[in-house]
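Descriptive analysis of the structure
Read off the chains here:
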Amino acid sequence: SNSTAPIVIIGSGLAGYNLAKELRKLDAEQSLLMITGDDGRSYSKPMLSTGYGKGKTADELAMNTAAGMADQLNMTVRTNTRVTAIDVAAHTVSINDETVEYSKLVLAWGAEAVGPRIEGGAEDRVFSINDLEDYAAFRAVADGKKRVLIMGAGLIGCEFANDMTAGGFECEIVAPCDQTFPTLLPAPAASAVQAGLEGIGVKFHLGPLVSRIERDGEGVIATLDNGDTIQADVVVSAIGLRPRTQLAADAGIKVNHGIVADRLLQTSAEDVYTLGDCAEVEGRVLLYVLPLMASARALAKTLTGTPTEVSYGVMPVSVKTPACPVVVSPPPAGDAAGRWIVEQEGNDVQAEFRNEAGDLLGYALTGAKVANKVALNKELPAIMP
Ligand code: FAD
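Residues numbered from 1 in each chain as written. Predicted model: local features only at pLDDT ≥ 70, side-chain atom pairs only at ≥ 80, totals over all residues. Heavy atoms only, no water.

**What to know about the site of the ligand**
Around the ligand lies a shell of 32 residues, among which Ala15, Asp38, Asp277, Val289 and Lys320 are the nearest. With respect to the ligand, the backbone of Ala15 contributes an N or O atom lying 2.9 Å from an oxygen atom. Interatomic distance of 3.3 Å between a backbone N/O atom of Tyr288 and an oxygen atom of the ligand. Contact with the protein chains hides 92% of the accessible area of the ligand, taken as 1,000 Å² for the molecule alone. The element best represented in the shell around the ligand is helix H5 (residues 155-166), accounting for three residues. Class assignment of the residues belonging to the shell around the ligand gives a composition of 15 nonpolar, 10 polar and seven charged. Each of domain 1 (7-112 + 241-303) and domain 2 (115-237) accounts for three or more of the residues forming the shell around the ligand. (Near = heavy atom within 4 Å. Polar contact = N/O pair within 3.5 Å; in protein donor to acceptor, adjacent residues only side chain to side chain. Areas by Shrake-Rupley, 256 points an atom, 1.4 Å probe, with all protein chains shown as cover. Helix = DSSP H or I, 4+ residues; strand = E, 2+ residues; numbered from the N terminus. Nonpolar A, V, L, I, M, F, W, Y, C, P; charged D, E, K, R; others polar. Domains from an automatic or database assignment.)

Take a look at the structure:
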């Protein structure tokens, strides 16, 4: 490895910047270069789905500029610069024709929004909102308009529906599943969130797919595969996120659902590490902030000479749907034998996932029951001790 070259971090999201901050706590001098495809502003991505409710524009959500962060963290930040290839043997990354050396490389390039494949020629009115620039572009088009069609009834679709309703929009959700949060919540909890959102005016079309979106004056008309049509001014696609893996795979780095890493966050390539939404750590792809914070702390130690395995404790997800608050700690996928035990009063649901022996493996709480998370967290096993 080339030890005089900088540690290169690709990506300026929460993973990249938290790692840089943790590194600087341990080593003030180590040469650091961040390369990012966006403008490098520091912001908290979860705030993208509370912007209307809190009355924050994209500019107001930005906490610092790339130059400000570079100053604060004594590093170089190259903005609007996409890495196009990695050569793990030579310890270099390419930016088109330019070659940049690294001593250690950190892939923190996140996940991309899955693009809907929709016919009809109105693609320019369909928005994915997965970073600050997406959010700014959406607001530029949506502000002053009224009707939003949201594709997807998962965490992000439901959060946007709640937030945009708070911002004065009329929201309709279309998703080809029979409940909200199809992968995250048991049915009674999902129904409670749906009822909460319906209570503030959100309309749901669960089951059909959007098959066509056409221009209709300034707005669009969407046709569902059950024949229904919906008129809207603008469309938000929230149908899923996919860890970015292609450049890693092209470089011969092992990928699965995400970029495969061990608990040192090391990939299959020497001196190449990964964390955040692009990483699959011992089989887990967790698209949340708490895992990347834990990863940033461990990886900073490893990169400064103290190999440190990351551990994930109890990390429940709070869903930002004030119309019906939700806290969920999903049972581990696959090997979790057990069943949901549900208590319900109206939209207040307490669902506990327990195994035969009665051990708590996961839970979902809605409405007033979210207050019980503190007690349940004490009973839950760590996600990756
Ligand atoms: P990103 O923030 O996506 O950063 C990736 C970076 O890599 C970007 O700077 C990008 O420009 C750069 N990049 C990509 N490709 C290249 C390339 N080839 N070359 C150079 N740079 C590149 N999590 C929670 O825990 N709680 C919440 O309440 C919550 N709410 C959310 C709400 C919304 C609307 C969304 C979208 C997500 C939410 N999440 C939440 C998830 C959380 O925000 C993410 O897990 C986290 O922000 C991921 O950070 P990251 O740094 O890994 O990725």
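**Section: the sheet that holds strand E11 (residues 170-175)**
Spatially, the five strands line up as an open sheet ordered E9-E16-E10-E11-E12, and their pairing is parallel. The open sheet is flanked by strand E9 (126-127) and strand E12 (203-206), the only strands paired with a single partner. Strand direction decides the pairing type here: strand E10 (residues 147-151) and strand E16 (residues 234-237), joined by four bridges, are parallel. Bridge pairing in E16 places Leu149 opposite Val235. (Pairing = 2+ DSSP bridges.)

**Observations concerning the pairing of E16**
Every regular strand shows the same layout, with side chains that alternate between the two sheet faces. With burial as the criterion, each face of E16 is covered, one bearing Val234 and Val236 and the other bearing Val235 and Ser237. Direction of pairing for E9 relative to E16: parallel, over a ladder of two bridges. Its bridge partner lying in E16, Val126 is registered against Val235. (Buried < 20%, exposed > 50% of the residue type's maximum accessible area, 1.4 Å probe, protein only.)

**Digging into unusual backbone geometry**
One non-glycine residue with positive phi stands out, namely Asn96, at about 50°. For Asn96, the position within the fold is in the loop between strand E5 (92-95) and strand E6 (98-101).

**Notes on the packing of helix H1 (residues 14-26) against helix H8 (residues 289-303)**
Helix-helix packing is characterised by the crossing angle of the two axes and by the distance between the axes. Look at H1 against H8: their axes get within 8 Å of each other, and the N-to-C directions meet at 40°. In terms of orientation, H1 lies oblique with respect to H8. In this structure, H1 meets H8 at a crossing whose hand is right-handed. Across the interface between the two elements, Leu14, Ala15, Asn18, Leu19, Glu22, Leu23 and Leu26 of H1 pack against Val289, Leu292, Met293, Ala296, Arg297, Leu299, Ala300, Lys301 and Leu303 of H8. (Axes fitted to C-alpha atoms, helices over the stretch in contact; angles between N-to-C directions. Parallel < 35°, antiparallel > 145°, perpendicular 65-115°, else oblique. Left-handed = near helix turned anticlockwise from the far one by under 90°. Contact = heavy atoms within 4.5 Å.)

**Thoughts on the domain arrangement of the protein**
Assigned domains within the protein: domain 1 (7-112 + 241-303), domain 2 (115-237) and domain 3 (325-379). A straight line from the C-alpha centre of domain 1 to that of domain 3 covers 33 Å.

**Quick notes on the environment of Phe169**
Relative to the helices and strands, Phe169 resides in the loop between H5 and E11. According to the relative accessible area criterion, Phe169 is buried, its value standing at 6%. Residues Phe169 and Val310, 141 residues apart in the sequence, show an inter-C-alpha distance of 42 Å.

**Remarks on the nonpolar core**
Judged by nonpolar contacts, the single largest core of 44 residues is most densely connected at Phe138, Met164 and Leu185. Examining the composition of this core, we find that five residues originate from one element, helix H6 (residues 187-199), more than from any other. Those residues in contact with Phe138 that lie beyond four places of it in its chain are Tyr52, Phe127, Ile129, Met164, Val234 and Val236. Within the second largest apolar cluster, 33 residues are counted, among which are Ile7, Ala70, Ala108 and Leu303. (Core = buried A, V, L, I, M, F, W, Y, C linked by side-chain atoms within 4.5 Å.)

**Side note on helix H4 (residues 132-142)**
Among all positions in H4, only Leu132, Tyr135, Phe138, Arg139 and Ala142 are buried. Buried positions in H4, seen along its axis, are confined to an arc of 120° and lie on one side of it. At the N-terminal boundary of H4, the capping side chain belongs to Asp131, with an oxygen 3.1 Å from the backbone nitrogen of Glu133. Of the residues one or two after H4, Gly144 is the one with positive phi, at around 90°. (Arc of directions from axis to C-beta.)

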